[in-house]
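Each chain is listed here by its residues.
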Amino acid sequence: MKSEYDVLIVGGGPGGALAAKAASENGLSVCIIEKRPAIGAPVRCAEGIGEDLISEFFDELDPKWISTKIEGAKLISPDNSCFYLSPEMAGNEVGYVLDRKFFDRDLIWQAVEAGAECYVKARAVDAIVENGAIKGAIVEYAGETREIRASITIAADGVESKFSRYCGIDTTVPLRELETCAQYLMTDIDIEEGITVFYVGREVAPEGYLWIFPKGKRTANVGIGISGTQSKNGHRAKDYLDKYIKEHFPEGKTIELIAGGVSACEPLECTVADGLIIVGDAARVSDPITGGGIYNAMYTGRLAGQIASKCIKSGDFSKDKLMEYDKTWRSSKMGKALERNYQIKEVFVKLNDKQLNSILNSVSNLVMKEFSTLTLIREIVKLNPKLLKELTSLKKYFE
Amino acid sequence: MIKVRREVCCYCGACISVCPEGALELIDAYLSVENETCKMCNICVRVCPLGALEASDEE
Ligand SMILES: Cc1cc2nc3c(=O)[nH]c(=O)nc-3n(C[C@H](O)[C@H](O)[C@H](O)COP(=O)(O)OP(=O)(O)OC[C@H]3O[C@@H](n4cnc5c(N)ncnc54)[C@H](O)[C@@H]3O)c2cc1C
Ligand code: SF4
Ligand code: SF4
């Protein structure tokens, strides 16, 4: 480990990996530090991603990254009626359930092949700040505390992000906007292969949803996310999940338990500072409706690596210069989707079970030529104008 | 003070993201609570998906 690099990346998830790869490909010296002993483990994810989204990064997908191809989905309302999105209708919304243990490792592998250095069990414990500019991190590695200096530091340290706090930026997620999640990897359960299932409703998952993401024959990630404000003693994410499993998969076997948090808030007000770029979950860019953040982390990571390269070549790493990163992702398709989905989420979390039933029943016989989350919501709004009068203020997003 | 039930915590970091004081940290797969910084707001206790945190009266 050297004491100085062009770019230092804190966190070896998808955001950090893509940032490292892009910066290395542009000829910069890059160091990734990851505090855990292994990349990609433990997995804190349901591992779902859309085909169109992942294809943006790779010409070909390595078969070992993929547990299952997803071709349809079921949305179950509180009264147990079902909106079935058949493979024919799924159109551009097909996707994959990944195996992130392999996927995350290979992303780092690709970054290292492009020239980056990577150190595991290396933890950033503070930022080096000089005259208000970030100049790297204080890192604990191999029993020593050392300074790693860099022209640009990229905070890719995920939902638990502390690095930006060390730099003086408040990254706290409001309690009501943190989805608190628990998930089992289960086997020996009756599921439909290739079909994801989502349950909504106050009884099953207040202000969130419960998911079944198939991983293979009779095997799936079965998980739940509920709002932080709904979580209390005896009614925590794991309690709701256990209740569901007792009812639906009493004979199933659990082979892994994971927990985690997903932010459903607006992104950080600003994702750059002098010498600093913040990406992925650390920037709070996971989708407020679905909680999906793999693509968003990869997209912002790659962009951060590209802009860092540009700025380093120009010799200017000031906040003003790095603002190109912030502006670009906000005006991108992803940035616009985040803004729109946040507003939609704010309306949907307030709905009670009766309203959810009526909404899902209204679309249950709908046949859409081409499905996307946006087209579904557009149809819901069209069919429920009175119920969703708040959404009329969001009309601009659907035109 | 906030007590971590180590046998229950699976080091996911959900509590860290909501602590308004930045009093929680994962160090070598162990969640540590900085008691001097903690304001005992109990937000972390509430948010833990597994119930691994407890507020205790001990000083
Ligand atoms: C239960 C659950 C289910 C989910 N399901 C999905 C899904 O189906 N689809 C989807 O798209 N998204 C899903 N997500 C979200 C997705 O997992 C994240 O959005 C994604 O992993 C974010 O990538 P990242 O690179 O920003 O952060 P992470 O993948 O969290 O990586 C951050 C890395 O930084 C490291 N780190 C933290 N602090 C330090 C430090 N001080 N020093 C060094 N290293 C540090 C961490 O150990 C970690 O490895 C889910 C999340 C959860 C919790
Ligand atoms: S009680 Fe509040 S201040 Fe103390 S660690 Fe928990 S969230 Fe932070
Ligand atoms: S939220 Fe709970 S399980 Fe996760 S790190 Fe905090 S105490 Fe541990």
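Residues numbered from 1 in each chain as written. Chains lettered and ligands numbered in written order. Predicted model: local features only at pLDDT ≥ 70, side-chain atom pairs only at ≥ 80, totals over all residues. Heavy atoms only, no water.

The name given to chain B in an unreviewed UniProt entry is Ferredoxin, with the source organism recorded as Methanochimaera problematica.

Taking an unreviewed UniProt entry as the reference, chain A is identified by name as Digeranylgeranylglycerophospholipid reductase belonging to Methanochimaera problematica. According to the UniProt record, the Sequence similarities (unreviewed entry) comment for chain A is "Belongs to the geranylgeranyl reductase family. DGGGPL reductase subfamily." Check the Pathway (unreviewed entry) section of the UniProt entry for chain A; it says "Membrane lipid metabolism; glycerophospholipid metabolism." (UniProt positions renumbered as here; feature names shortened; annotations may be inferred.)

A few words on the site of ligand 2. Around ligand 2, the structure places B:Ile2, B:Cys19, B:Pro20, B:Glu21, B:Ala23, B:Leu24, B:Cys38, B:Lys39, B:Met40, B:Cys41, B:Asn42 and B:Cys44. When the residues that make up the shell around ligand 2 are grouped by side-chain class, the tally is nine nonpolar, one polar and two charged. (Near = heavy atom within 4 Å. Nonpolar A, V, L, I, M, F, W, Y, C, P; charged D, E, K, R; others polar.)

Turning our attention to the interface of chain A and chain B. Listed per partner, the contact involves 28 residues of chain A and 25 residues of chain B. In this assembly, chain A packs against chain B so that about 2100 Å² is buried in total across both faces, 54% of it on carbon and sulfur atoms. A per-residue breakdown of the area chain A buries against chain B is headed by A:Lys162, A:Leu175 and A:Arg236, which together make up 25% of the total. Linking chain A with chain B are one salt bridge. Taken together, the links from chain A to chain B amount to 15 residue pairs in polar contact (both at pLDDT 80 or more). Going through the elements one at a time, helix H5 (163-166), strand E12 (178-187), helix H6 (237-248) and strand E16 (253-263) of chain A are the ones with two or more residues in the side of chain A that touches chain B. When residues of the side of chain A that touches chain B are assigned to their parent elements, the largest contribution, five residues, is made by E16(A). Grouping the amino acids of the side of chain A that touches chain B by side-chain chemistry returns eleven nonpolar, eight polar and nine charged. (Contact = heavy atoms within 4.5 Å. Buried area = accessible area lost by both parts, 1.4 Å probe. Salt bridge = Lys/Arg side-chain N within 4 Å of Asp/Glu carboxyl O. Polar contact = N/O pair within 3.5 Å; in protein donor to acceptor, adjacent residues only side chain to side chain. Helix = DSSP H or I, 4+ residues; strand = E, 2+ residues; numbered from the N terminus.)

Of the residues in chain B, 97% reach a pLDDT of 70 or more, and the chain-wide mean stands at 93. The complex prediction reports pTM at 0.96, with the ipTM value standing at 0.95. (pLDDT = per-residue confidence, 0-100.)

Before going further, it helps to spend a moment on the sheet that holds strand E4 (residues 66-70) of chain A. All names here are of chain A. Read across the open sheet, the three strands follow the order E3-E7-E4; overall the sheet is antiparallel. Of all strands in the sheet, those bounded by a partner on one side alone are strand E3 (48-50) and E4. The mean angle between the axes of side-by-side strands here comes to 25°, regardless of whether they run parallel or antiparallel. The pairing of E3 with strand E7 (residues 95-98) spans three bridges and is classified as antiparallel. Across the sheet, residue Gly50 finds its bridge partner in E7, namely Gly95. (Pairing = 2+ DSSP bridges. Axes fitted to C-alpha atoms, helices over the stretch in contact; angles between N-to-C directions.)

Next up on the list: the side chain of A:Arg340. Residue and element names in this part refer to chain A. By the element assignment, Arg340 lies in helix H9 (residues 333-348). Buried Arg340, no salt bridge; nearest opposite-charge side chain is Asp287, N-O distance 6.3 Å. A polar contact of 3.2 Å, which involves the side chain of Arg340, links it to the side chain of Asn341. (Buried < 20%, exposed > 50% of the residue type's maximum accessible area, 1.4 Å probe, protein only. Lys, Arg positive; Asp, Glu negative; His and termini not counted.)

Residue and element names in this part refer to chain A. Near ligand 1 you find 35 residues, and of these Gly15, Glu34, Ala46, Gly48 and Asp281 are the closest. When isolated, ligand 1 has an accessible area of 1000 Å², and the protein chains bury 93% of it. Those elements giving two or more residues to the shell around ligand 1 turn out to be helix H1 (14-25), strand E2 (30-34), strand E9 (122-130), E16 and helix H7 (294-314). Its residues assigned to classes, the shell around ligand 1 shows 13 nonpolar, twelve polar and ten charged. Residue-level mapping places the shell around ligand 1 at the junction of two domains, with at least three residues from each of domain 1 (4-44 + 101-172 + 268-331) and domain 2 (54-98 + 175-263). (Areas by Shrake-Rupley, 256 points an atom, 1.4 Å probe, with all protein chains shown as cover. Domains from an automatic or database assignment.)

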